[in-house]
Amino acid sequence: MIKSLKLKNFRNFENKEFLFVNEKNFIIWNNWVWKTNTLEAISLIFQKNFLNKDVINLVNKDANFAFIEIEKDDWKKFSISFDREKNAKKLFINWKATTGKKFIEILEKIIVFQPMDMNMMYLSPSLRRDFIDDILWSSFETYSKINKEYKNIVKNRNKILKNIKDWKASKNEINFWDEVFLKKAVEIYKYREILNSFLSEKISILKELLNFKIKNIEYKYITKIDINDIENSIKTYLTKNLDRDIIIWTTNIWPHIDDFDILLDWNSLINFASRWETKSVILWLKILETKFIEKITWKEIIFLVDDLFSELDEIHEKLLLNELWSKQIIITSIKANNSNNDNNIIYL
Ligand SMILES: Nc1ncnc2c1ncn2[C@@H]1O[C@H](COP(=O)(O)OP(=O)(O)O)[C@@H](O)[C@H]1O
Ligand SMILES: [Mg+2]
């Protein structure tokens, strides 16, 4: 658990300290100058840069150095200093220099729910694929290794396809790459399958988030592959499409062109849903991300919500606090929640 956060010259802060005395914390400020920056500072300590900004923009415009520090409930202090001129950062545990890897090893994981997440259902499928891959990366150490190997195999297979097209290789050279491709793809699907069944099993939470307004809800994993017979369907696909693959020298069947959708009374969320429904689904996905990573890794998770009321209403808020009752949650918002006296409310 995070006990406190200290900021010095971080973005528009000069000196600021937050005390998180409870598990559930609300940071309330009805203006547009501090909320996201506060959560960004926390996320940087956890080695996530959710706004993807350069060091240089993190330092207050009128200063050369910025400093973020959190103290954990075991009294350990994790700090980062930013140097504008050198465009560099330094990390410390109890003021002893260390590495980002060490931070990740020791610290909890964080999950951030922010307005930008809405893009996941509005923009390209690649955001949804990244979402799935990120969860699996965070959960299984081997997943990122398998993924890397897999990408290399695809690259090599495509190279051979090009060589065949250019008459520099014979057609049967592809057999070796088809075999290794198949093996890796099957491994990737095994992990995806674990997550897919988890998401399907927990659809009832989404029903609740949608206030029981929708009777039939389904999580749908979209793929060209027959999930019940992965090996054979990939094999058949590769053989059937070899000539086309050679012409365009790309491998057109792979876990990385898969996608997912949510069916609300048989209608596709991606194509039909209202903003409120989409918000509910994203929140559901984030809650399940938390539950899944925790289940697999046994790691503690801290949940950050940026700008609660621009994204969620009271039904969502109540369910979120309920579903993640055992987690530390830090929420920024434009108005206070008065439903629970145990919440720590910080007015900026
Ligand atoms: N390096 C910086 N120095 C000074 N101010 C900054 C810096 N970076 C961002 N800001 C200011 O931070 C403010 C945005 O704060 P933010 O936390 O995103 O607000 P909100 O409460 O709406 O989430 C803007 O006014 C911006 O000018
Ligand atoms: Mg904001």
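Residues numbered from 1 in each chain as written. Chains lettered and ligands numbered in written order. Predicted model: local features only at pLDDT ≥ 70, side-chain atom pairs only at ≥ 80, totals over all residues. Heavy atoms only, no water.

This paragraph deals with unusual backbone geometry. Peptide bonds are mostly trans, and most non-glycine residues show a negative phi. The backbone phi angle of Asn 9 is positive, close to 50°, even though this residue is not glycine. Within the fold, Asn 9 resides in the loop between strand E1 (2–8) and strand E2 (15–19). Even without being glycine, Asp 307 reaches a positive phi, approximately 65°. Here Asp 307 is to be found in the loop between strand E12 (301–305) and helix H13 (308–311). (Helix = DSSP H or I, 4+ residues; strand = E, 2+ residues; numbered from the N terminus.)

Moving on, we get to the nonpolar core. What tends to happen in soluble globular proteins is that the nonpolar side chains get buried as a cluster. Ranked by size, the top nonpolar core spans 76 residues in total, and within it Tyr 219, Ile 234, Ile 262, Trp 284 and Leu 285 carry the most contacts. Among the elements that take part in this core, helix H7 (residues 174–201) stands out by supplying twelve residues, more than any other. For this core, the domains that each give at least three residues are domain 1 (2–108 + 300–347) and domain 2 (122–272). Filtering out sequence-adjacent residues up to four positions away, Ile 262 remains in contact with Leu 206, Ile 217, Glu 218, Tyr 219, Asn 267, Ser 268, Leu 269, Val 281 and Trp 284. Counting residues in hydrophobic clusters, the runner-up holds 37 residues, among them Phe 20, Ala 41, Ala 63 and Phe 103. (Core = buried A, V, L, I, M, F, W, Y, C linked by side-chain atoms within 4.5 Å. Buried < 20%, exposed > 50% of the residue type's maximum accessible area, 1.4 Å probe, protein only. Domains from an automatic or database assignment. Contact = heavy atoms within 4.5 Å.)

A complete count under the given rule lists 20 salt bridges for this structure. Note that Arg 157 is salt-bridged to Asp 178, the shortest N-O span being 2.6 Å. Pair noted here: Arg 157 is in helix H6 (residues 141–165) and Asp 178 is in helix H7, with a separation of 21 residues, a long-range link. When sorted by exposure, Arg 157 lands in the same class as Asp 178, which is buried. (Salt bridge = Lys/Arg side-chain N within 4 Å of Asp/Glu carboxyl O.)

With respect to topology, three strands assemble into an open sheet ordered E9-E10-E11, the strand pairing being antiparallel. Of all strands in the sheet, those bounded by a partner on one side alone are strand E9 (217–222) and strand E11 (267–268). Across six bridges, E9 lies against strand E10 (residues 259–264) in antiparallel orientation. Paired with Ile 217 across the strands is Leu 264, a residue of E10. Strands E9 and E10 of the sheet are contacted by helix H5 (residues 125–139), whose axis makes an angle of about 100° with E10. (Pairing = 2+ DSSP bridges. Axes fitted to C-alpha atoms, helices over the stretch in contact; angles between N-to-C directions.)

With that settled, the discussion passes to the environment of Val 186. Turning to its location among the elements, Val 186 is positioned in helix H7. By relative accessible area, Val 186 is classed as buried at 19%. Residues Val 186 and Trp 254, 68 residues apart in the sequence, show an inter-C-alpha distance of 10.0 Å. Those residues in contact with Val 186 that lie beyond four places of it in its chain are Ile 230 and Glu 231.

Okay, the site of ligand 1 next. The environment of ligand 1 is formed by 13 residues, the closest being Lys 35, Thr 36, Asn 37, Asn 57 and Val 59. With respect to ligand 1, the side chain of Arg 11 contributes an N or O atom lying 3.0 Å from a nitrogen atom. In this structure, Val 59 approaches ligand 1 through a main-chain N or O atom, which is 2.7 Å from a nitrogen atom. Protein chains shield 73% of the accessible area of ligand 1, which is 580 Å² for the free molecule. The leading source of residues in the shell around ligand 1 is helix H1 (residues 35–45), at three residues. Grouping the constituent residues of the shell around ligand 1 by class yields four nonpolar, six polar and three charged. (Near = heavy atom within 4 Å. Polar contact = N/O pair within 3.5 Å; in protein donor to acceptor, adjacent residues only side chain to side chain. Areas by Shrake-Rupley, 256 points an atom, 1.4 Å probe, with all protein chains shown as cover. Nonpolar A, V, L, I, M, F, W, Y, C, P; charged D, E, K, R; others polar.)

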